[in-house]
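Working through the structure, step by step
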Amino acid sequence: MKYAKQFIIILLISLAGEILNRLIPLQVPASIYGLVILFICLKTKLVKLSSIRETGKFFIETLPILFVAPGVAILGAMDEFKKYWWQLLLITVISTLAVFFIAGQVTQLIIRMSKKRRDKKSGVEVKSE
């Protein structure tokens, strides 16, 4: 019964993401809305991590299975990939580097902001870099 309750919580949050996707006219996938809603619910303690932990862990452990079908489809379309291999390689390299750069910048920003918040709480004066 515990797993059913956890699954229903995750399912309801996913449903809320689907509803937001229909209501808000942005090109954002419903799953992203769901992740944001789940994040907000966890941060505000509206949903406790312990109330979805086991089911969430199960989903993460079974996630690689979802990549089997696309992998087989890619192998089936290998002739098309051979025609455009250098464009695909270029796109992959550029997008990977962009993700690395943006993720690094966001991480540094979050670290700086949390350090300033900690220093403010402790009464230490913060010098700007």
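First, a word on scope: everything that follows refers to the structure included in this document. (Residues numbered from 1 in each chain as written. Predicted model: local features only at pLDDT ≥ 70, side-chain atom pairs only at ≥ 80, totals over all residues. Heavy atoms only, no water.)

Attention now goes to the environment of A77. Along the chain, the position of A77 falls in the loop between helix 4 (68-76) and helix 5 (78-83). A sequence separation of 49 residues divides A77 from V28, and the C-alpha atoms of the two residues are 28 Å apart. (Helix = DSSP H or I, 4+ residues; strand = E, 2+ residues; numbered from the N terminus.)

Moving on, we get to the packing of helix 1 (residues 2-23) against helix 2 (residues 30-43). Where helix 1 contacts helix 2, the axes come no closer than 7 Å and their chain directions differ by 125°. Between helix 1 and helix 2, the crossing angle belongs to the class labelled oblique. The way helix 1 lies across helix 2 gives a crossing that is right-handed. Between helix 1 and helix 2, the residues in contact are I13, A16, G17, E18, L20 and N21 and A30, Y33, G34, I37 and L38, respectively. In terms of residue class, the contact of helix 1 with helix 2 is built from seven nonpolar, three polar and one charged. (Axes fitted to C-alpha atoms, helices over the stretch in contact; angles between N-to-C directions. Parallel < 35°, antiparallel > 145°, perpendicular 65-115°, else oblique. Left-handed = near helix turned anticlockwise from the far one by under 90°. Contact = heavy atoms within 4.5 Å. Nonpolar A, V, L, I, M, F, W, Y, C, P; charged D, E, K, R; others polar.)

What follows is about the pattern of salt bridges. The full count for this structure, using the stated rule, is two salt bridges. Across the pair E54 and K2 runs a salt bridge whose closest N-O atoms are separated by 3.7 Å. Separated by 52 residues along the polypeptide, E54 in helix 3 (residues 53-62) and K2 in helix 1 bring together distant segments of the chain. Residue K83 pairs with E80 through a salt bridge whose shortest N-O separation is 3.1 Å. Pair noted here: K83 and E80 are both in helix 5, with a separation of three residues, about one helical turn. The exposure class of K83 is exposed, given its relative accessible area of 53%. You can call E80 partly exposed: its relative accessible area is 41%. (Salt bridge = Lys/Arg side-chain N within 4 Å of Asp/Glu carboxyl O. Buried < 20%, exposed > 50% of the residue type's maximum accessible area, 1.4 Å probe, protein only.)

Let us now look at a nonpolar patch on the surface. A cluster of nonpolar side chains, namely F7, I8, L11, L12, L15, I19, L23, F58 and F59, defines an oily patch on the protein surface of about 880 Å² accessible area. Top element by residues in the nonpolar patch is helix 1. It accounts for seven residues. Take L11: its relative accessible area is 46%, and that puts it in the partly exposed class. (Patch = residues over 30% accessible without salt bridge, like charges linked within 9 Å, V, L, I, M, F, W, Y side chains within 5 Å. Areas by Shrake-Rupley, 256 points an atom, 1.4 Å probe, with all protein chains shown as cover.)

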